[in-house]
Amino acid sequence: MNDKVLVTRSSMPEFEEYVQMIKPLWESHWLTNMGDYHGRLERELKEYMGVPQLSLMVNGHMALELAIQAMGFPEGAEIITTPFTFISTTHAIIRNKLIPVFCDIKLSDYTIDEEKIEELITERTVAILPVHVYGNICNVKRIQEIAEKYNLKVIYDAAHAFGETVDGTGVGNFGDVSVFSFHATKVYNTIEGGAVTFHEESLYKKLYNLKNFGIRSEEIVAEVGANAKMNEFCAAMGLCNLRYIGDNIRERKKRCEYYAKRLQGISGLKLCERDGDNITYSYGYFPVLFQAGKDTGVLRDFVYDELRKAGIYARKYFYPITADAACFKNKYKKVLLENARYVGDNILVLPLYPELSYETIDQITEIVKTCVVGENGTAQNMTKLRLDEEE
Ligand SMILES: *Cc1c(COP(=O)(O)O)cnc(C)c1O
């Protein structure tokens, strides 16, 4: 076990399968600009995800940026969002010249606390941008009610929730739009890629134009667009990977269950509750919250370091929370983000991918257990460790 174990490992089809897939591109010489594979992947994804409309994008971030731009909000308007996410979510708001208003999260599933949204609404609020973080689905019903009451748009960052369903409904059906990432590190990848899903038919054309420089025809450029088209090589990879998505998710699920079995009953550890009977998950991440090191992150950082010594690269997703990112620290409205900071300080995402061996999971969970309950890991020792560090 000398090879590094990373937090994830990109899914790939057999080499020959991909080569067969891209061969026609040497005949057509059509490499990008909404080619055949682009169209085919949009159709296949709509079917798999159970959504009426879908626009492919070059990556998840541009999908977010353009989904927001398509809403036509006035400059300086406010969007209520979660700080417990990948930095992309917050950047997408700011790069659209809009103001993020951070709302705290719930300790139960780390998604936005829907009961704290209303108090943040002002006359400048135009939208809510929640994240289905780790594939934990937000309280979509309540969020929709609030949005309707105040006439706000809802934009879901669903980058972690590919292929998930609630009561049989594809997660991409919620809100005005949902945005997915098909980055190499995600459950489903097109190397780099992303998509926006929605119901409103007219939005397809709008996004099509925005991802293609705002060009309407050879001589008419009607708006300031970007270049966010997915190329044919990425679409081909997506078509191949989509054939195996079922196995991929099944293997992930088995490993999550194995992890949970190995880590259950250890006090001071909180695992993600994925108990929604009506929800099918895609098991993109296996986060563990270390409660013994409360407020300090000392135990979490200790586990992170011990794992690294063994060549296991767990990740502190999401630390720091985006509200504390160096580039806009203290720039936006101050809101108490107690839960988000607490979770950010104490969470660790353990390696998870379909080929991860059970022996490696045994090794990982042994290290975690030793850190938490072993000689070095009692809460007292953690306090001592902290005091040592401060000296
Ligand atoms: C990965 C991710 C993104 C950005 O997607 P890219 O495809 O990497 O651009 C946005 N939001 C969240 C929550 C993500 O995890």
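Predicted model only: the values in this text are computed from it and were never measured.

Analysis parameters
- Residues numbered from 1 in each chain as written.
- Predicted model: local features only at pLDDT ≥ 70, side-chain atom pairs only at ≥ 80, totals over all residues.
- Heavy atoms only, no water.
- Patch = residues over 30% accessible without salt bridge, like charges linked within 9 Å, V, L, I, M, F, W, Y side chains within 5 Å.
- Areas by Shrake-Rupley, 256 points an atom, 1.4 Å probe, with all protein chains shown as cover.
- Salt bridge = Lys/Arg side-chain N within 4 Å of Asp/Glu carboxyl O.
- Helix = DSSP H or I, 4+ residues; strand = E, 2+ residues; numbered from the N terminus.
- Buried < 20%, exposed > 50% of the residue type's maximum accessible area, 1.4 Å probe, protein only.
- Pairing = 2+ DSSP bridges.
- Axes fitted to C-alpha atoms, helices over the stretch in contact; angles between N-to-C directions.
- Left-handed = near helix turned anticlockwise from the far one by under 90°.
- Contact = heavy atoms within 4.5 Å.
- Near = heavy atom within 4 Å.
- Polar contact = N/O pair within 3.5 Å; in protein donor to acceptor, adjacent residues only side chain to side chain.
- Nonpolar A, V, L, I, M, F, W, Y, C, P; charged D, E, K, R; others polar.

> Quick question: what am I supposed to make of a nonpolar patch on the surface here?
On the surface, Phe213, Ile215 and Val221 cluster together into a nonpolar patch covering about 260 Å² of accessible area. With respect to the secondary-structure elements, Val221 resides in strand 12 (residues 220–221). Here Val221 falls in the exposed class, since its relative accessible area comes to 56%.

> Whenever I open this one, the pairing of strand 2 (residues 53–57) confuses me. Can you help?
Residues in a regular strand point their side chains to alternate faces of the sheet. Burial within strand 2 is extensive, with 5 of its 5 residues counted as buried. Both faces of strand 2 are covered, namely the face carrying Gln53, Ser55 and Met57 and the face carrying Leu54 and Leu56. Relative to strand 10 (residues 194–198), strand 2 runs antiparallel, the two sharing 5 bridges. Bridge pairing in strand 10 places Met57 opposite Gly194.

> How should the packing of helix 9 (residues 245–263) against helix 12 (residues 358–373) be read in this particular structure?
Axes are the key here: two packed helices are described by the angle between their axes and the distance separating the axes. Interhelical geometry of helix 9 versus helix 12 gives an angle of 35° and a closest axis separation of 10 Å. Classified by chirality, the crossing of helix 12 by helix 9 is right-handed. Along the contact surface, helix 9 presents Lys254, Arg255, Tyr258, Tyr259, Arg262 and Leu263, while helix 12 presents Tyr358, Ile361, Asp362, Ile364, Thr365, Glu366, Val368 and Lys369.

> Honestly, the site of the ligand in this entry has me stumped. Any pointers?
Looking at the ligand, there are 14 residues lining it, with Gly60, Asp157, His160, Ser181 and Lys186 nearest. Taking Gly60, its main chain carries an N or O atom lying 2.8 Å from an oxygen atom of the ligand. Contacts to the ligand include Lys186, whose side-chain N or O atom sits 3.2 Å from an oxygen atom. The protein chains hide 92% of the 380 Å² of surface that the ligand would expose on its own. For the shell around the ligand, the elements supplying multiple residues, two or more each, are helix 4 (60–70) and helix 5 (87–94). Here the residues of the shell around the ligand are counted per class, giving 2 nonpolar, 10 polar and 2 charged.

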